[in-house]
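Observations on the three-dimensional arrangement
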Amino acid sequence: MVLRKDITERMRKVLPPAVYDMAISILTQSWITKIGDDKQSDFVGDREVPQGSPLSPRLYNLVMDEFAERVSEVPTEVADVPAALFADDVLLVAKSPPGLQRLWT
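First things first, this report covers the structure right here in the doc. These numbers come from a predicted model, not from an experiment.

Our next topic: the overall build of the protein chain. For the protein chain, the count of helices and strands is four helices and four strands. Looking at the protein chain residue by residue over its 105 residues, the buried ones come to 25%. Taking the contacts inside the protein chain whose residues are at least 6 apart along the sequence as the reference set, 38% of them involve residues at least 24 apart. For the protein chain, the accessible area works out to roughly 7700 Å², and carbon and sulfur atoms hold 56% of it.

Turning to the pattern of salt bridges, a few remarks are in order. What the rule picks out here adds up to two salt bridges. Between Arg10 and Glu69 there is a salt bridge; the shortest N-O distance is 3.5 Å. Remark: Glu69 occurs in helix H3 (residues 56-72) and Arg10 occurs in helix H1 (residues 4-14); sequence separation between them is 59 residues. With a relative accessible area of 15%, Arg10 lands in the buried category.

Looking now at the nonpolar core. Met64, Phe67, Val71, Val74, Val78, Ala79, Ala83, Leu92 and Leu103 form the largest nonpolar core, which has nine residues in total. Those residues in contact with Leu103 that lie beyond four places of it in its chain are Phe67, Val71, Val74, Val78, Pro82, Leu92, Val93 and Ala94. One finds Ile7, Tyr20, Leu27 and Leu55 within the second-largest nonpolar core, a separate group that totals eight residues.

Although it is not a glycine, Ala87 sits at a positive phi angle of roughly 55 degrees. With respect to the element layout, Ala87 can be found in the loop between strand E3 (83-86) and strand E4 (89-92).

On to the packing of H1 against helix H2 (residues 17-27), then. Where H1 meets H2, the axes come as close as 10 Å, and the angle between the chain directions of the two elements is 165 degrees. Between H1 and H2, the angle falls in the class roughly antiparallel. Where H1 crosses over H2, the handedness of that crossing is right-handed. Facing H1, whose interface residues are Arg4, Thr8, Met11 and Arg12, H2 presents Tyr20, Ala23, Ile24 and Leu27. Of the residues contributing to the contact of H1 with H2, the split by class is five nonpolar, one polar and two charged.

Our next topic: the environment of Val71. Mapped onto the fold, Val71 is located in helix H3. Residues Val71 and Pro82, 11 residues apart in the sequence, show an inter-C-alpha distance of 6.5 Å. Setting aside anything within four residues of it in sequence, one finds Val71 in contact with Pro82, Ala83 and Leu103.

Rules and cut-offs
- Residues numbered from 1 in each chain as written.
- Predicted model: local features only at pLDDT ≥ 70, side-chain atom pairs only at ≥ 80, totals over all residues.
- Heavy atoms only, no water.
- Helix = DSSP H or I, 4+ residues; strand = E, 2+ residues; numbered from the N terminus.
- Buried < 20%, exposed > 50% of the residue type's maximum accessible area, 1.4 Å probe, protein only.
- Contact = heavy atoms within 4.5 Å.
- Areas by Shrake-Rupley, 256 points an atom, 1.4 Å probe, with all protein chains shown as cover.
- Salt bridge = Lys/Arg side-chain N within 4 Å of Asp/Glu carboxyl O.
- Core = buried A, V, L, I, M, F, W, Y, C linked by side-chain atoms within 4.5 Å.
- Axes fitted to C-alpha atoms, helices over the stretch in contact; angles between N-to-C directions.
- Parallel < 35°, antiparallel > 145°, perpendicular 65-115°, else oblique.
- Left-handed = near helix turned anticlockwise from the far one by under 90°.
- Nonpolar A, V, L, I, M, F, W, Y, C, P; charged D, E, K, R; others polar.

The structure is reproduced here in structure tokens:
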């Protein structure tokens with residue numbers, strides 16, 4: 001699982017400051033939980049992106065770009081072609097179970 005703090009750190013590295021600030025303001029908006037007609041609570045999540053957020057595809061790309069960079073540096077004794085990425089699908093391939101674990105962490 002990728003935590004929001006990891007995503008925001010990546011954003012800080014690659015986005016211009018004004019875009020970063022705008023994205024952070026969207027991510028830190030309060031969420032309201034409703035059950036029936038009753039408002040249950042306000043909270044700011046710390047793990048996910050708000051459902052339907054226009055940031056979701058961009059943040060996914062940021063995370064997956066970093067993942068692809070790390071996987072591309074895997075030595076050939078672990079995997080000749082360690083991963084295939086297409087849209088939101090990821091296929092990891094390794095020569096052994098420990099090699100697969102190395103790809104994932």
